[in-house]
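Per-entry structural report
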Amino acid sequence: MDSKKIEKKCSCGYDKSHSMIKPKCHYSGWGWVLFSIGMSARPIRVDFVCEKCGEMIDSSTELVVLKKYVGR
Ligand SMILES: [Zn+2]
């Protein structure tokens, strides 16, 4: 399938599928406006950050990934 896909891990050894890794969504200014009027906005970027060590193991701007986090 995707041969260049490498699962990165943080210092604690957690990868993206672990529950300690939380997605942090970043929205454009317009996204926040949509949010505030109760519409779901799609983030422009999602960072995957470990809750324990605070390390960012991954970041994505891919549409397929962003779509999963609409309204979060
Ligand atoms: Zn960690």
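Only a predicted model underlies this, so the values are computations on that prediction, with no experimental measurement involved.

1. Section: the overall build of the protein chain
In terms of helices and strands, the protein chain carries two helices and three strands. If you list the helices and strands of the protein chain from N to C, you get β-α-β-β-α. Across the protein chain, contacts joining residues at least 24 apart in sequence account for 47% of those joining residues at least 6 apart.

2. Brief notes about the environment of Phe 48
Here Phe 48 shows up in strand S2 (residues 45–50). Judged by C-beta crowding, with 21 C-beta atoms within 10 Å, Phe 48 ranks as buried. Between the alpha carbons of Phe 48 and Lys 16 there is a distance of 6.9 Å; along the sequence they are 32 residues apart. Every residue in contact with Phe 48, bar those within four places of it in the chain, is listed here: Lys 16, Ile 21, Pro 23, Met 56, Ile 57 and Asp 58.

3. What about the confidence of the model for the protein chain?
The pLDDT averaged across the protein chain works out to 86; a share of 85% of its residues lies at or above 70. S2 holds the highest mean pLDDT among the elements of the protein chain, 96, whereas helix H1 (residues 29–36) holds the lowest, 71.

Cut-offs applied
- Residues numbered from 1 in each chain as written.
- Predicted model: local features only at pLDDT ≥ 70, side-chain atom pairs only at ≥ 80, totals over all residues.
- Helix = DSSP H or I, 4+ residues; strand = E, 2+ residues; numbered from the N terminus.
- Contact = placed C-beta atoms within 7 Å.
- Buried ≥ 20, exposed ≤ 12 C-beta atoms within 10 Å, placed from the backbone.
- pLDDT = per-residue confidence, 0-100.

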